[in-house]
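What follows is the residue order along each chain.
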Amino acid sequence: MGFDLTRLLAARRGSGYELHARYLNPQLPRVLHAIGFTKMYERAEGAYLYDHDGNRYLDLLAGFGVAGIGRNHPVVRQALRDVLDAELADLVQFDCALLPGLLAERLLAYAPGLDRVFFCNSGTEAVEAALKFARCATGRPRIIYFDHAFHGLTAGSLSVNGAGEFRCGFGPLLPDTAIPFGDLDALERELGQDDVAALLVEPIQGKGVHIPPEGFLIAAQHLLRERGALLICDEVQTGIGRTGRFFSYQHEGLDPDIVTIAKALSGGFIPVGATLAKEWIFAKVYSSMDRLLVHDSTFGANAAAMAAGLATLAVIEDEALVENAERTGRLLRDALAALTERYDLLAEVRGRGLMVGLEFAKPRSWRLQPHWAMVQKARQGLFAQMVVMALFARHRVLTQVAADRLEVIKLLPPLTVGEADVAWFLTAFTDVMDDAHRTGGLTWEFGRTLISQALLH
Ligand SMILES: Cc1ncc(COP(=O)(O)O)c(C=O)c1O
């Protein structure tokens, strides 16, 4: 009688895939079966997942970056226990709770030039706030974004999504404008129309792990300032230490007007998002007492998210995780870059800190070309997916393709990974790539299996 979570989990153990197939988005279990991702994880710690038999998996995708400080970090768990035990008066709404103030104070200390914070519950909500703030502050309607950009999937964020497959079926969206990534002339042309509120940019584009051309962002910032438009940096994926700086825009010496964060901020436990902005922008949006609630979110500054956020920032400092992202990221990228000499199929390694892209391309070797042509004909991006499958099946390493139909794998590990994890990945990757360069290798078998799956049709 009553509710007993432990008993419920034990009683229904192993039925997750079946329940998803029956009651949730049924395409998830279909896709996972097709790519051989059918494990049920029972436990997680740091950068590792454990299945029912106690096998350990190296998680190099960290829940799309949510598990930045690693999973189930004891400091965040303790903070969450403490916040429950404190029996706080949470979400009263007509009070000024302490925890949001403390987290805002800590976050702004990482962001000189930004003055105020709006808290919400996800990356896309942080972007929605940024879009509204930019329009309100400038009195202009249009947002410029980049081809292939990803900023979330609610209607406003979808209007600035640079990938047709996400937008398809959901129009009409807001009349915003995409320009090629890194094209300063295109930006200047659009700014010439004097109706642009802001440029929205991921300082490293998540889709494909693309870094803008050297000097582009600072030149863009200059143009925007000249024309009275704002620079919004979407740091939902790149922020909180991921790229070896607290914010990725700090590599470029930028002074953005608005910054969005989410994902890693609450240690992987509680949904959270935040929009940081300059004082004058808040002054325009919340310009009078009447406009107190003009942009708000009921759960936005809830105590659990705020406490988890404070604990996460403490872990990042205590364990020097930003520095580790820089150091271990460099180790990983240097070792992988050296492999482009050895592997015909590996074209490029790029990224910053622990955000790494591995791009595959048509081999020069005539021996491999028919195999490459076979998988390209079936579906672009299939080779990268085969490598992901082989890394998982043969080495218990979890990775992801950087987007549909791209021959790019994206590595986004917890910032806690060290030399042993890099060695684990390198052993796995070299084994899979050695195999892929043998024309009869098992990796190509994965391709044949995938081609026979409904997934490709
Ligand atoms: C750069 C960027 N912005 C926004 C989002 C949306 O975040 P969420 O899924 O929390 O809405 C993502 C998610 O991957 C992202 O990578």
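Bear in mind that the values here come from a model prediction, so they are computed numbers and not experimental data.

Chemist: How should I be thinking about the overall build of the chain in this particular structure?
Modeler: Along the chain, the regular secondary structure elements total 18 helices and 15 strands. Against the compact-globule benchmark of 23 Å for 457 residues, the chain has a radius of gyration of 23 Å, which places it among compact chains. C-alpha atoms of the chain, sized along the principal axes, occupy 70 × 65 × 40 Å. Relative to its 457 residues, the chain shows a buried fraction of 52%. By element, 55% of the accessible surface of the chain is carried by carbon and sulfur atoms, the whole surface being about 20,700 Å². The average position of the 45 basic charges and that of the 54 acidic charges among the side chains of the chain differ by 6 Å.

Chemist: What's the story with the sheet that holds strand S13 (residues 397-398) in this structure? I'm lost.
Modeler: Strands in a sheet are paired, the pairing made by backbone hydrogen bonds, and the direction either parallel or antiparallel. With mixed pairing, the 4 strands of this open sheet are ordered in space as S1-S2-S3-S13. Because the sheet does not close on itself, it has two edges, and the strands there are strand S1 (41-45) and S13. Examined bridge by bridge, strand S2 (residues 48-51) and strand S3 (residues 56-59) share 3 bridges and lie antiparallel to one another. Its bridge partner lying in S3, Leu 49 is registered against Tyr 57. Sheet contacts for helix H17 (residues 419-436): S2, S3 and S13; angle to S3, the most-contacted strand, approximately 95°.

Chemist: Sorry, what's going on with the side chain of Gln 221 here?
Modeler: Summarising the element assignment, Gln 221 is placed in helix H11 (residues 216-226). Note on Gln 221: relative accessible area 10%, which makes it buried. Once you skip the residues sitting within four places of it in the chain, Gln 221 turns out to touch Leu 231, Leu 254, Asp 255 and Pro 256.

Chemist: Help me understand H17 in this model?
Modeler: Each turn of an α-helix holds 3.6 residues, which means side chains three or four residues apart point in the same direction. A rise of 1.5 Å per residue sets the reference length of H17, with its 18 residues, at 26 Å; its end C-alpha atoms lie 25 Å apart and thus fit the reference within 8%. All of the buried residues along H17 are Asp 421, Val 422, Trp 424, Phe 425, Leu 426, Ala 428, Phe 429, Thr 430, Val 432, Met 433, Asp 435 and Ala 436.

Chemist: What exactly am I supposed to notice about the site of the ligand here?
Modeler: Around the ligand, the surrounding shell consists of Ser 122, Gly 123, Thr 124, Phe 150, His 151, Gly 152, Glu 202, Asp 234, Val 236, Gln 237 and Lys 263. Measuring from an oxygen atom of the ligand, one finds a backbone N or O atom of Thr 124 at 2.8 Å. Relative to its unbound accessible area of 390 Å², the ligand is 79% covered by the protein chains. A breakdown of the residues in the shell around the ligand according to their chemical character gives 2 nonpolar, 6 polar and 3 charged.

Chemist: Is there a simple way to think about the pattern of salt bridges in this case?
Modeler: Where charged atoms from two side chains of opposite charge approach closely, those side chains can pair. Summed over the entire model, instances satisfying the criterion amount to 24 salt bridges. Between Arg 13 and Glu 42 there is a salt bridge whose closest N-O contact spans 2.7 Å. Placement of Arg 13 in the loop between helix H1 (5-11) and helix H2 (16-23) and of Glu 42 in strand S1 is noted, with a sequence separation of 29 residues between them. For Arg 13, a relative accessible area of 47% puts it in the partly exposed group. When salt bridges that share partners are traced, they join Arg 225, Asp 255, Asp 257 and Lys 278 into one network.

Chemist: Sorry if this is basic, but what is going on with the environment of Gly 208 here?
Modeler: Summarising the element assignment, Gly 208 is placed in the loop between strand S7 (196-201) and H11. Considered as a pair, Gly 208 and Thr 443 are 235 residues apart in the sequence and their alpha carbons are 22 Å apart. In this view, Gly 208 contacts Arg 350, Ala 402, Leu 406 and Val 408; residues no more than four positions away in its chain are not counted.

Thresholds applied
Residues numbered from 1 in each chain as written. Predicted model: local features only at pLDDT ≥ 70, side-chain atom pairs only at ≥ 80, totals over all residues. Heavy atoms only, no water. Helix = DSSP H or I, 4+ residues; strand = E, 2+ residues; numbered from the N terminus. Rg over C-alpha atoms; globule rule 2.2 N^0.38 Å. Buried < 20%, exposed > 50% of the residue type's maximum accessible area, 1.4 Å probe, protein only. Areas by Shrake-Rupley, 256 points an atom, 1.4 Å probe, with all protein chains shown as cover. Lys, Arg positive; Asp, Glu negative; His and termini not counted. Charge placed at Lys NZ, Arg CZ, Asp CG, Glu CD. Pairing = 2+ DSSP bridges. Contact = heavy atoms within 4.5 Å. Axes fitted to C-alpha atoms, helices over the stretch in contact; angles between N-to-C directions. Expected span 1.5 Å × (residues − 1). Near = heavy atom within 4 Å. Polar contact = N/O pair within 3.5 Å; in protein donor to acceptor, adjacent residues only side chain to side chain. Nonpolar A, V, L, I, M, F, W, Y, C, P; charged D, E, K, R; others polar. Salt bridge = Lys/Arg side-chain N within 4 Å of Asp/Glu carboxyl O.

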